[in-house]
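Observations on the model geometry
Here is what each chain is made of, one letter per residue.
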Amino acid sequence: MSTPPNPANSKHFFSPTMCVIIAISALILGWGYCGIEAFNTGYIDSAGRWIIQIWTDAKANKADHIWVTLPLMVYMLYQKKELIKDSIGEVDWKGLFLLIPACLLFIASFRVIQPRVTMFALPLIVLGAVWYLAGFRTAKICTIPILFFWLSIPLPAMQQSTTHLQILATQLGHFGGSLFGVDTIIQGTNIVSTSSHWESFSIAGGCSGMHSLFALIIISACWAYLSKLKLWKKLLFFLCTFPVAILGNGVRITSIVLIAEYINPDFASGTWHDWSGLLFFFPVCLICLSLIHSLLAGELIWKPRQKKQIVIRKNNAQ
């Protein structure tokens, strides 16, 4: 069983000796990630510099969403700061069962020459250290915010997934247009107007919804973690992100087809195409997620029920 929280443990955790140990460990970890140059990836050779290069060149690496992960990690930990402080326990040796394998994974990444594996090991090392130094209760609270870092690591083979989403977005755009009387045909990932009122629209990788899907996954994961829903409802809410994102992107593609057919093809392929994601896709998806949250919580998220407060008045008899 884990050690129950004790105010004395919190003081011990923030003692000068423990702060020195944490600082030295952070320096060693920083040297391992930024000082060891063992990768030949076309970028800079250390794992830390590799991930920074990915973040700063997100557009070229098709990972526009990743810059928001670190601020959200800090925000989630900040929201739980009082709970984390109250949960700090004594040193828990069971944390080594996570810390040691995570360190071995870090070492193995240099053998396989994969900086992604190195970055994958980083949150596990941090989580194992938190478990070891502060106890299981604290590690349990910090698990989601710390593992949230994984969402900032660009995935390999992204192009294959993008292709499937391109085809799905094309089919949804074709189907959505037909519901409003727009006759189109599909040629691969192109939507072609049968009336020749506008030129064909090519659903490129950027229109597949992959970037929007990842951005929405990040938002919904933070949303679910900070919500007061039960665990199974949080998981269900998070899983709903995928169909909501796909549906939202399909509605966005449909709107482009409708504007091209009934308003102005140039406006549809230009201004509306560039801004519909921000002005149309995300509002629609966030409204859908709000409705799902309200359904799971049993109350409107924007109008929560007010708990009845019983006021007891004491009359002083003279």
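On a plain count of helices and strands, the chain comes out with 13 helices and three strands. Here the chain holds 318 residues, and 40% of them are scored as buried. Restricting the contact set of the chain to residue pairs at least 6 apart, pairs at least 24 apart contribute 67%. Counting only carbon and sulfur atoms, one obtains 66% of the accessible surface of the chain, whose full area is about 19,000 Å².

With that settled, the discussion passes to the pattern of salt bridges. Think of it this way: side chains of opposite charge can pair up when their charged atoms draw near. Within this structure, the stated rule accounts for one salt bridge. For Asp92, the salt bridge identified is with Lys94, shortest N-O distance 3.3 Å. Judged by relative accessible area, Lys94 falls into the partly exposed class, the value being 41%.

Turning our eyes to something else, we now look at the side chain of Ser276. With respect to the helices, strands and loops of the structure, Ser276 is situated in helix 13 (residues 265-297). Here the side chain of Ser276 touches Arg252 through a polar contact of 2.8 Å, side chain to side chain. Apart from the residues within four sequence positions on either side, Ser276 is in contact with Arg252, Ile256 and Phe281.

Now for the pairing of strand 2 (residues 190-193). The sheet contact formed by strand 1 (residues 184-187) and strand 2 spans four bridges and is antiparallel. Along strand 2, the bridge assignment pairs Ile186 with Ile191. With antiparallel pairing between neighbouring strands as the criterion, strand 1 and strand 2 make up a hairpin whose turn holds two residues, including Gly188 at a positive phi of roughly 70°. The pairing of strand 2 with strand 3 (residues 201-202) spans two bridges and is antiparallel. Note that in strand 3 the partner of Asn190 across the bridge is Ser202.

Moving on to the state of the cysteines. The final tally for this structure, using the stated rule, is zero disulfides. Looking at Cys288, it has no disulfide partner, and the nearest cysteine sulfur is the one in Cys285, 6.3 Å off. Relative accessible area serves as the criterion here: at 26%, Cys288 is assigned to the partly exposed category.

With that settled, the discussion passes to the sheet that holds strand 3. With antiparallel pairing, the three strands of this open sheet are ordered in space as 1-2-3. Looking along the sheet, the strands with just one partner apiece sit at the ends: strand 1 and strand 3.

With that out of the way, let us pick up the environment of Leu286. By secondary structure assignment, the location of Leu286 is in helix 13. Separated by 67 residues in sequence, Leu286 and Ile219 have C-alpha atoms that sit 9.4 Å apart. Once residues within four sequence positions are removed from consideration, Leu286 is found in contact with Ile219 and Trp223.

For the pair helix 7 (residues 115-134) and helix 8 (residues 136-147), the least separation of the axes is 8 Å and the interaxial angle reads 165°. Here helix 8 runs roughly antiparallel to helix 7, going by the angle between their axes. Where helix 7 crosses over helix 8, the two elements pack in a sense that is right-handed. Residues Pro123, Leu124, Val126, Leu127, Val130, Trp131 and Ala134 of helix 7 pack against Phe136, Thr138, Ala139, Cys142, Thr143, Ile146 and Leu147 of helix 8. Residues of the contact of helix 7 with helix 8, tallied by class, amount to 12 nonpolar, two polar and no charged.

With 22 residues, helix 12 (residues 241-262) ought to run about 32 Å at 1.5 Å a step, and its terminal C-alpha atoms sit 31 Å apart, in line with that. Among the 22 residues in helix 12, 16 count as buried, and that is most of the element.

The rules behind these values
Residues numbered from 1 in each chain as written. Predicted model: local features only at pLDDT ≥ 70, side-chain atom pairs only at ≥ 80, totals over all residues. Heavy atoms only, no water. Helix = DSSP H or I, 4+ residues; strand = E, 2+ residues; numbered from the N terminus. Buried < 20%, exposed > 50% of the residue type's maximum accessible area, 1.4 Å probe, protein only. Contact = heavy atoms within 4.5 Å. Areas by Shrake-Rupley, 256 points an atom, 1.4 Å probe, with all protein chains shown as cover. Salt bridge = Lys/Arg side-chain N within 4 Å of Asp/Glu carboxyl O. Polar contact = N/O pair within 3.5 Å; in protein donor to acceptor, adjacent residues only side chain to side chain. Pairing = 2+ DSSP bridges. Disulfide = S-S within 2.5 Å. Axes fitted to C-alpha atoms, helices over the stretch in contact; angles between N-to-C directions. Parallel < 35°, antiparallel > 145°, perpendicular 65-115°, else oblique. Left-handed = near helix turned anticlockwise from the far one by under 90°. Nonpolar A, V, L, I, M, F, W, Y, C, P; charged D, E, K, R; others polar. Expected span 1.5 Å × (residues − 1).

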